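Okay, here's what each chain looks like letter by letter:
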Amino acid sequence: MEFSWDNIRSRLNMMPMAAVAVPLAAGIVFSDSFVVPPLLWLAAAAVSVAAAVFAIRTGRKGVYAALCAALFSAGALRMSLDTPPQPPYGEPRMMTLRFDEPSVIRGRSSLAAARIVRCEGFDSGRSAVRLTVWGDSTVMFSCGDEITLRGVIRPFDRKNGRFADMAFRRGIVGSVSLYGNTVYDFRPAKRNSLHDKASAKLCRLLPDDDARRTILSMTTGERNRTNPELRRTYTRGGAAHLLAVSGLHVGIVFMLVNALLRLVPVVRHGNVWRSILAVAAVWLYVAMCGSPPSAVRAGAMFTVLQLSLFSSRAYSGMNALAVAAAAMLSVSPRLVFDVGFRLSFIAVAAILLWGMPLYMRVRSRSRVLNALSSTLIVGVVATAAAMPLVSNVFGTVSVIGIPLNPLVVLSANVIIFSSVAALLLPTAAAAYAVIPAYWCARLQNEAVARAAALPWGCFEWRLSDGATAAVYALFVAATVAVWGIGRRR
């Protein structure tokens, strides 16, 4: 074994798109911290593009540096143009709000994100102005619900704590409390969507207990039915990501569909039909979950990944990941501050850069052993990669989550496959198909509860922003160092 820079260059040449998202995201973060007029960013982007064109035509060096500068300027420009208008603060006004996400419990209160549809004396134009809505824990809202009330919008002060700073960066410009205010009208969202029908069918098939709540959270994204104690247990056990539909859940569907369709390429144009059916299945599952932002992001990523599988034999998953990230950041630059967005892409990148190479080294001829080893590797790598960010944002480190996650990822495969099969089958057959999901969810809840009860399994520790960045810089350096090691010829 020997170290070679040629090995590193060959790896980087295979992932030309992987460098797109980094300068774009860096420009967005920089623009959030330093206020610069948009025209200056536009001028900087134009000069950088001109420098890149000049370097290409003259054969001089500096093409990549100029392109990175152009992407950095483009990200900063996009962020500078994404400043939402400020609503009228501190005055009672009639307003209509539409909820983007279902309510969650925070202590003795409920919390939800909503957009201003109408507000007395305020015109937001085409901009989406978002607020947080606080209420009693018994007041829960679903996606699409609308309320009309007379209330006061309170501004977020970035000096008032970490939560306020994170909300402000995500484009949430203030909060409204339902305490002491009168709701004049409540218009629930239509309950005939695919998501509502799927949730209702599972409720009919399963008894009302924590196993059903876990299945609903993992399969249809129905978080309203999950009690706070169950969520705290999963958080301490390092498995809270299972209760919110994200890249893990969509990835399970993606892999299961491709495994079920593995014989389709045998027929004429089989690869085309396989890709079409796989992409359709992924987005059908996203719709069944109610299209939460995390699932939509994962659906976009796996769509790009499926297309790359179809179009090329030697594809790079990091290219697909970078294209998806750059596209989503171009549309919504504030996603870079969304915790779910960062966790999803860090976990997937770790699986591609560390999980897949490790799996290739231990792969055997046994499909059963390969399935178990891949589940183990994916669980450990994704959990370890997300741990620094979880510590930075939530202030907790779940040590027990590293050995526990491979087991719960395995159970998640069974729960999602069995539940989705039950949703596709007639009621009579669905009653039997959902049985494995129910018993697997009960075992999973018990395992997570026992892990969370361990005194050393979880402890409070918050990494600073600088320390978190340093940890991920070490991850990148270690990855590049491993790339440079090859076999001696």
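Residues numbered from 1 in each chain as written. Predicted model: local features only at pLDDT ≥ 70, side-chain atom pairs only at ≥ 80, totals over all residues. Heavy atoms only, no water.

Participant: What exactly am I supposed to notice about the nonpolar core here?
Facilitator: If you look at soluble globular proteins, the nonpolar side chains tend to sit buried side by side. Core analysis: the largest hydrophobic core is formed by 70 residues, its most contacted members being Ile215, Val250, Tyr285 and Leu329. In terms of residue count, helix α12 (residues 317–331) provides more of this core than any other element does, eight residues in total. Setting aside residues no more than four positions away along its own chain, Leu329 makes contact with Leu24, Ala25, Ile28, Arg78, Leu335, Val336 and Phe341. Within the second largest apolar cluster, 18 residues are counted, among which are Phe99, Phe141, Val176 and Leu178. (Core = buried A, V, L, I, M, F, W, Y, C linked by side-chain atoms within 4.5 Å. Buried < 20%, exposed > 50% of the residue type's maximum accessible area, 1.4 Å probe, protein only. Helix = DSSP H or I, 4+ residues; strand = E, 2+ residues; numbered from the N terminus. Contact = heavy atoms within 4.5 Å.)

Participant: For this particular structure, what's the right way to read the environment of Arg115?
Facilitator: Among the structural elements, Arg115 can be located in strand β4 (residues 109–119). In sequence terms Arg115 and Leu131 are 16 residues apart; their C-alpha atoms lie 6.2 Å from each other. Dropping the residues within four chain positions of it, Arg115 is found in contact with Thr96, Leu97, Arg98, Asp100, Ala128, Val129 and Arg130.

Participant: Explain helix α3 (residues 38–58) here, please?
Facilitator: Residues that lie three or four places apart on an α-helix share one face, since the helix turns once every 3.6 residues. The end-to-end C-alpha distance of α3, which contains 21 residues, comes to 30 Å, matching closely the 30 Å that a straight helix rising 1.5 Å per residue would cover. In this structure, the buried residues of α3 make contact with α2 (21–33) and α4 (63–80). In the segment just after α3, Gly59 is the residue with positive phi, at about 75°. (Expected span 1.5 Å × (residues − 1).)

Participant: Looking at this model, I keep getting lost on the pattern of salt bridges. Mind explaining?
Facilitator: Between side chains of opposite charge, pairing is possible as soon as their charged atoms come close. Inspection of every chain in the model, using the stated rule, returns 12 salt bridges. Across the salt bridge formed by Arg78 and Asp82, the nearest N and O atoms sit 3.7 Å from each other. The class for Asp82 is partly exposed, based on a relative accessible area of 23%. Asp208 is the salt-bridge partner of Arg213, the closest N and O atoms lying 3.3 Å from each other. You can call Asp208 exposed: its relative accessible area is 53%. (Salt bridge = Lys/Arg side-chain N within 4 Å of Asp/Glu carboxyl O.)

Participant: Just to check I follow, could you spell out the packing of aromatic side chains for this structure?
Facilitator: Both the distance between ring centres and the angle between the ring planes are used here to describe each pair of aromatic rings. Per the stated rule, a full pass over the model turns up nine aromatic pairs. With centroids separated by 6.0 Å and ring planes inclined at 65°, the aromatic side chains of Trp41 and Phe72 adopt a geometry described as edge-to-face. Of this pair, Trp41 sits in helix α3 while Phe72 is found in helix α4, placing the two residues 31 residues apart along the sequence. In this structure Trp41 comes out as buried when scored by relative accessible area, which is 9%. (Phe/Tyr/Trp six-rings, centres within 6.5 Å; stacked < 30°, edge-to-face > 60°.)

Participant: What is the right way to look at α4 in this model?
Facilitator: Relative to the 26 Å expected for 18 residues at 1.5 Å per residue, α4 spans 26 Å between its end C-alpha atoms, a close match to the ideal helical length. Within the span of α4, buried status applies to Val63, Ala66, Ala70, Ser73, Gly75, Ala76, Leu77, Met79 and Ser80. Buried residues in α4 make contact with α2 and α3.

Participant: Would you explain the side chain of Ser175 in this entry?
Facilitator: Examined against the element boundaries, Ser175 turns out to sit in strand β8 (residues 172–177). Here Ser175 falls in the buried class, since its relative accessible area comes to 14%. Ignoring sequence-local partners within four residues, the contact set of Ser175 consists of Leu131, Thr132, Trp134, Val152, Ile153, Arg154 and Phe156.

Participant: Looking at this structure, I do not really get the pairing of strand β6 (residues 146–151). What am I missing?
Facilitator: The side chains of a regular strand alternate between both faces of the sheet. For β6, the tally of buried residues reaches five of six residues, placing the bulk of the element in the interior. Relative to β6, strand β2 (residues 93–99) runs antiparallel, the two sharing six bridges. Opposite Leu97, over in β6, you have Ile147 as the bridge partner. One ladder, built from five bridges, connects β6 with strand β9 (residues 182–187); its direction is antiparallel. The residue of β9 that forms the bridge with Ile147 is Phe186. (Pairing = 2+ DSSP bridges.)

Participant: Sorry, what's going on with the pairing of β2 here?
Facilitator: By the criterion of burial, β2 is predominantly enclosed, with five of the seven residues buried. As defined by bridge partners, β2 adjoins β4 across five bridges and the pair is classed as antiparallel. Each residue of the ladder has a partner; that of Phe99, found in β4, is Ala114.

Participant: When you look at the packing of helix α7 (residues 210–219) against helix α17 (residues 435–452) in this model, what are you seeing that I'm missing?
Facilitator: Packed helices, taken two at a time, are described by the angle between their axes plus the distance between the axes. Viewed as axis vectors pointing N to C, α7 and α17 meet at an angle of 105°, and their least axial separation amounts to 8 Å. Accordingly, the angle class assigned to the pair α7 and α17 is roughly perpendicular. Counting all contacts with α7, which are made through Asp210, Ala211, Thr214, Ile215 and Met218, the residues of α17 involved are Ala437, Tyr438, Ala441, Arg442, Gln444 and Asn445. Considered class by class, the residues forming the contact of α7 with α17 number six nonpolar, three polar and two charged. (Axes fitted to C-alpha atoms, helices over the stretch in contact; angles between N-to-C directions. Parallel < 35°, antiparallel > 145°, perpendicular 65-115°, else oblique. Nonpolar A, V, L, I, M, F, W, Y, C, P; charged D, E, K, R; others polar.)

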